[in-house]
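Next come the chains, spelled out residue by residue.
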Amino acid sequence: MSNKKIELFDTTLRDGTQGEGVNLSVEDKIRLAKRLDEFGINIIEGGWPGSNPRDKEFFKKINSVSLNQAEVCAFGSTARKLSNIENDPNLKALLETEVKTLTIFGKTWQLHSKHGLGITDIDNAKLIEQSVSFLSRNGVRVIFDAEHFFDGYLQSETFALDMLDAAVNGGADTLVLCDTNGGSLPNYVYDTTRKIVDRYKQQIGVHCHNDSGLAAANTLMAVSAGALHVQGTINGVGERCGNVSLATVLPNLVLKMNKKTKTELNLTDLSRLVKFTYDIMNMHPDTQAPFIGKSAFAHKGGIHVSAVMKDSNMYEHIDPALVGNKQRVLVSDLSGKSNINFKANELDIKYKDSKEITGQLVSKVKDLEFEGYQFEAADASLELILRELSGEYSPFFKVLDSKVHISYDESGTEKADATLKVLVGEDIEHTASDGDGPVDALNNALRKALAIFFPELKDVRLTDYKVRVLNEQEGTGAKVRVLIESAYEDDSWSTIGVSKNIIEASRQALSDSFNYRLAKLSNWSIKNKKSLQLS
Ligand SMILES: [Zn+2]
């Protein structure tokens, strides 16, 4: 077995931005490039300077950013016309980036060169050879992306190989076999890659898309067959179903296949890096993503939980810490006492009569879940329940009464006003506020009332608000579940409310959120509560 080291190539900033809903500014791209570098990626493909001004701008700026070890690379296509290689605007834009490594793609599927470009096989080979050669002669390393290689090889081996030969003759030092349509099967990828590895002395790479859900399997098979250069995006975003996710491929390569990478990887930073990537893309992370998803090591069924408490290997394929993730235990109506005990241990809650209290808690959680509460996604609300029973917590305030009024003026513009009465200690505070819609008005009125007693709540941010109708068949009489995510600096927490009335459900979730923050600030000590209230 070869022990050669694998070169890691991330294309989140180029192929990744071709994914639906992915949009990155130049500054975003630079921040992400720095993180990818710190993580240990070898080559960061920054964009396609010949296709848009933003990518051109990126290359201008990135040259003055000092990276630890990663090299930045630019992407483009082969020249358009044979008669004009030296003045081809795309090739010129690539050289103008002044980066030392360039990737260019060429057609290696006859279907594309014949019907797409409408040129002869010989001319397509010349375009590849002369484009690669022009760049190589300018002193840069050229990586050749053999677009649609696996489909092309299936249609005509001779054609596909002729195109790779052309790239080699031009001076390409790495040939990347692309499964551009993402439809190939792992055994075929293995056999084909093996043949290519045997035929060329150049480094062979692989670039897979996930249209059949097999991008990770195909990438690992190509590596098993001898590919030493792996392309992907860090969180799997990309055209259609995405590129292969490096967050899936890398732990498999390192932890399961014992492969060495050219640069040292900070694998324990992987979960944080992927979260950062989604944040910068303003997208919700895939909670079920292998290795780094929030649910990747989350246990819900009572039997599973009692087993992992004895030995986590029983339901976990690796130690989550290796990829910077952590074990979680979810409390739900499927839970048994083990889940509640695990949660209480995790939060360091001590009950006087733990047997009796655990029993009470299990039935309380089950009753609430039956009503529509769901604590898996509302950790903070669950913690309030657990700590209330242990005597460490009682609410800091209570909303006694709330009203929301919606009116429309002549032009049909909506206006929302909320009034409420809040009890803190012995004081009652009345406030009113307007807002963009009823929930916003309620949030504003509650914050206004609480600000008088608890100025420390000022910087709590509402980062997500979700509403779900629970029993849709009831129509307008249905119950709704509101989930709110709040944050203060790096800390974030989720709370829940359930009611037939969306305003009431929102009020519960908002109250839990503010109470949770105050309780945490008081270090869950009722003794600290008075001083906090008087502050
Ligand atoms: Zn691609």
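Q: Got a minute to help me understand the packing of aromatic side chains in this structure?
A: How two aromatic rings sit relative to each other is given by the distance of their centres and the angle of their planes. Enumeration according to the criterion identifies 13 aromatic pairs in this entry. Residues Phe 149 and Phe 150 carry aromatic rings whose centres are separated by 5.9 Å and whose planes lie at 80° to one another, so their mutual orientation is edge-to-face. Per residue, the accessibility class of Phe 149 equals that of Phe 150, and both read buried. Grouping aromatic residues by their ring pairs yields a cluster made of Phe 149, Phe 150, Tyr 153 and Tyr 188. Positioned over the ring face of Phe 75 is Arg 14, at 3.5 Å from the centre of the ring. The ring centre of Phe 58 lies 5.3 Å from the NZ or CZ of Lys 29, which sits over that ring.

Q: Is there a simple way to explain helix α17 (residues 502-521) in this structure?
A: In an α-helix, one turn spans 3.6 residues; hence positions three or four apart end up facing the same way. With 20 residues, α17 ought to run about 28 Å at 1.5 Å a step, and its terminal C-alpha atoms sit 29 Å apart, in line with that. Sitting at the amino-terminal end of α17 is Asn 501, which places a side-chain oxygen 2.8 Å from the backbone nitrogen of Ile 503. Directly after α17, the chain includes Asn 523, whose backbone phi takes a positive value near 65°.

Q: Honestly, the nonpolar core in this entry has me stumped. Any pointers?
A: Side chains that are nonpolar tend, in soluble globular proteins, to be buried together. Core analysis: the biggest nonpolar cluster contains 87 residues, and Phe 39, Leu 135, Phe 144, Leu 164, Ile 196, Val 230 and Leu 270 have the highest contact counts within it. Sequence-distant contacts of Val 230, that is, excluding residues within four places in its chain, are made with Ile 6, Glu 7, Leu 8, Phe 9, Val 206, Thr 219, Val 223, Leu 246, Val 249 and Leu 253. By size, the runner-up hydrophobic cluster in this structure holds 34 residues, among which are Ala 380, Leu 450, Phe 454 and Ile 484.

Q: What am I meant to see in the coordination of the zinc ion here?
A: Ideal coordination angles are 109.5 degrees for a metal with four donors arranged tetrahedrally and 90 or 180 degrees for a metal with six donors arranged octahedrally. The coordination sphere of the zinc ion contains the protein donors Asp 15 (OD), His 207 (NE2) and His 209 (NE2), at a distance range of 2.0 to 2.2 Å. Here the donor residues of the zinc ion share one chain and are spaced in sequence as D-x191-H-x1-H. Of this pair, Asp 15 sits in the loop between β1 (7-10) and α1 (26-39) while His 209 is found in the loop between β7 (203-208) and α9 (215-224), placing the two residues 194 residues apart along the sequence. When sorted by exposure, Asp 15 lands in the same class as His 209, which is buried.

Q: Whenever I open this one, the environment of Thr 78 confuses me. Can you help?
A: Its location among the elements puts Thr 78 in the loop between β3 (71-77) and α3 (89-96). On the basis of relative accessibility, which here comes to 11%, the residue Thr 78 falls in the buried class. Placed 25 residues apart in sequence, Thr 78 and Thr 103 show a C-alpha to C-alpha distance of 9.7 Å. If sequence neighbours within four positions are ignored, Thr 78 has contacts with Asn 90, Ile 104, Phe 105, Gly 106, Leu 127, Ile 128 and Ser 131.

Q: It is not clear to me how unusual backbone geometry should be interpreted in this structure. Could you clarify?
A: Leaving glycine aside, a negative phi is the common case for residues, and trans is the common case for peptide bonds. Here Phe 291, not a glycine, exhibits a phi torsion of approximately 65°, which is positive. Residue placement: Phe 291 occurs in the loop between α11 (270-281) and β9 (298-299). Not every positive phi belongs to a glycine, and Trp 524 is a case in point at roughly 55°. Inspection of the secondary structure assignment puts Trp 524 in the loop between α17 and α18 (526-534).

Q: Looking at this structure, how should I read the sheet that holds strand β14 (residues 461-469)?
A: Whenever strands of a sheet pair, they do so through backbone hydrogen bonds, lying parallel or antiparallel. One open sheet accounts for three strands, arranged β14-β15-β16; its pairing is antiparallel. Edge strands, defined here as strands with exactly one partner in the open sheet, are β14 and β16 (491-499). Sheet twist, expressed as the average angle between the axes of neighbouring strands with direction ignored, equals 15°. Of the strand pairs in this sheet, β14 and strand β15 (residues 480-488) are connected by eight bridges, and their pairing is antiparallel. Opposite Lys 466, over in β15, you have Leu 483 as the bridge partner.

Q: I would appreciate a short explanation of the pairing of strand β2 (residues 43-47) in the present structure.
A: With five of five residues buried, β2 is to be regarded as a mostly interior element. Summarising the sheet, β1 and β2 pair through two bridges and their orientation is parallel. For Phe 9, the partnering residue across the bridge sits in β2 and is Ile 43. The parallel pair β1 and β2 is bridged by α1, and the resulting crossover is right-handed. Where β2 and β3 come together, four bridges link them in parallel fashion. Residue pairing in the sheet places Ile 44 in a bridge with Val 72 of β3. Following the backbone out of β2, through helix α2 (residues 53-62) and into the adjacent parallel β3, one traces a crossover that is right-handed.

Reading the values: rules and limits
- Residues numbered from 1 in each chain as written.
- Predicted model: local features only at pLDDT ≥ 70, side-chain atom pairs only at ≥ 80, totals over all residues.
- Heavy atoms only, no water.
- Phe/Tyr/Trp six-rings, centres within 6.5 Å; stacked < 30°, edge-to-face > 60°.
- Buried < 20%, exposed > 50% of the residue type's maximum accessible area, 1.4 Å probe, protein only.
- Lys NZ or Arg CZ within 6 Å of the ring centre and 35° of its normal.
- Helix = DSSP H or I, 4+ residues; strand = E, 2+ residues; numbered from the N terminus.
- Expected span 1.5 Å × (residues − 1).
- Polar contact = N/O pair within 3.5 Å; in protein donor to acceptor, adjacent residues only side chain to side chain.
- Core = buried A, V, L, I, M, F, W, Y, C linked by side-chain atoms within 4.5 Å.
- Contact = heavy atoms within 4.5 Å.
- Donors = N, O, S within 2.8 Å, 3.2 Å for Na, K, Ca; no water.
- Pairing = 2+ DSSP bridges.
- Axes fitted to C-alpha atoms, helices over the stretch in contact; angles between N-to-C directions.
- Right-handed = clockwise from strand over helix to strand, strands pointing away.

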